[in-house]
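# Chains, contacts and geometry: an overview
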Amino acid sequence: ALHHAAIEGRAKIVRMLLAAGADTTIRDKEHSSTPMGWACFGVDVVADADGDYADTARALLEAGARERQDEHRVQNPAVRAVLEEFRNA
């Protein structure tokens with residue numbers, strides 16, 4: 001559920017799932033990607049107009065998620081700014 005909410009940029013759902021104990025490090029079986037990887041891919045490829053990908057990334061990072069070198073490298077400027085903010089924190 002966390003992966004699907006992340007790829008669509010559903011920040012409120014992501015926060016609810018995280019509050020319920022969802023694991024930010026779990027990898028899906030098909031692509032071996034974490035929820036953060038799905039959010040980064042989602043903003044660049046899916047680009048759901050109703051999604052708030054920057055807040056989704058922020059929620060994941062606040063819950064302990066991190067960028068991984070073996071996952072999609074996000075191009076979206078808003079999400080890149082959030083990732084940079086957490087890299088420099």
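This is a predicted model, so every value here is computed, not measured. (Residues numbered from 1 in each chain as written. Predicted model: local features only at pLDDT ≥ 70, side-chain atom pairs only at ≥ 80, totals over all residues. Heavy atoms only, no water.)

## Some details on the overall build of the protein
Each helix and strand counted, the protein has five helices and zero strands in total. Scanning the protein from its N terminus toward the C terminus, one meets helices and strands in the order α-α-α-α-α. Here the C-alpha radius of gyration of the protein, 11 Å, is about what a compact globule of 89 residues would show, namely 12 Å. For the protein, the C-alpha atoms occupy an extent of roughly 30 × 25 × 25 Å along the three principal directions. Scored against the burial criterion, the 89 residues of the protein give a buried share of 37%. Taking as baseline every contact in the protein between residues at least 6 positions apart, the subset at least 24 positions apart corresponds to 69%. Accessible area for the protein stands at about 5200 Å²; split by element, carbon and sulfur atoms hold 52% of it. Distance from the positive charge centre (11 side chains) to the negative charge centre (15 side chains) of the protein: 4 Å. (Helix = DSSP H or I, 4+ residues; strand = E, 2+ residues; numbered from the N terminus. Rg over C-alpha atoms; globule rule 2.2 N^0.38 Å. Buried < 20%, exposed > 50% of the residue type's maximum accessible area, 1.4 Å probe, protein only. Contact = heavy atoms within 4.5 Å. Areas by Shrake-Rupley, 256 points an atom, 1.4 Å probe, with all protein chains shown as cover. Lys, Arg positive; Asp, Glu negative; His and termini not counted. Charge placed at Lys NZ, Arg CZ, Asp CG, Glu CD.)

## Describing the side chain of Thr-24
Mapped onto the secondary structure, Thr-24 falls in the loop between helix H2 (11-19) and helix H3 (35-46). Leaving out residues up to four positions away in the same chain, Thr-24 has contacts with Leu-2, Leu-18, Thr-34, Pro-35, Leu-60, Ala-63, Gly-64 and Ala-65.

## Topic: a nonpolar patch on the surface
Residues Phe-41, Val-45 and Val-46 make up a contiguous nonpolar surface patch of about 240 Å² in total accessible area. Positionally, Val-45 belongs in helix H3. (Patch = residues over 30% accessible without salt bridge, like charges linked within 9 Å, V, L, I, M, F, W, Y side chains within 5 Å. Salt bridge = Lys/Arg side-chain N within 4 Å of Asp/Glu carboxyl O.)

## Things to note about helix H4 (residues 53-62)
Within H4, the full set of buried residues consists of Tyr-53, Thr-56, Ala-57, Ala-59, Leu-60 and Leu-61. Structurally, H4 contributes buried residues whose contacts are with helix H1 (2-7), H2, H3 and helix H5 (77-87). In the segment just after H4, Gly-64 is the residue with positive phi, at about 105°.

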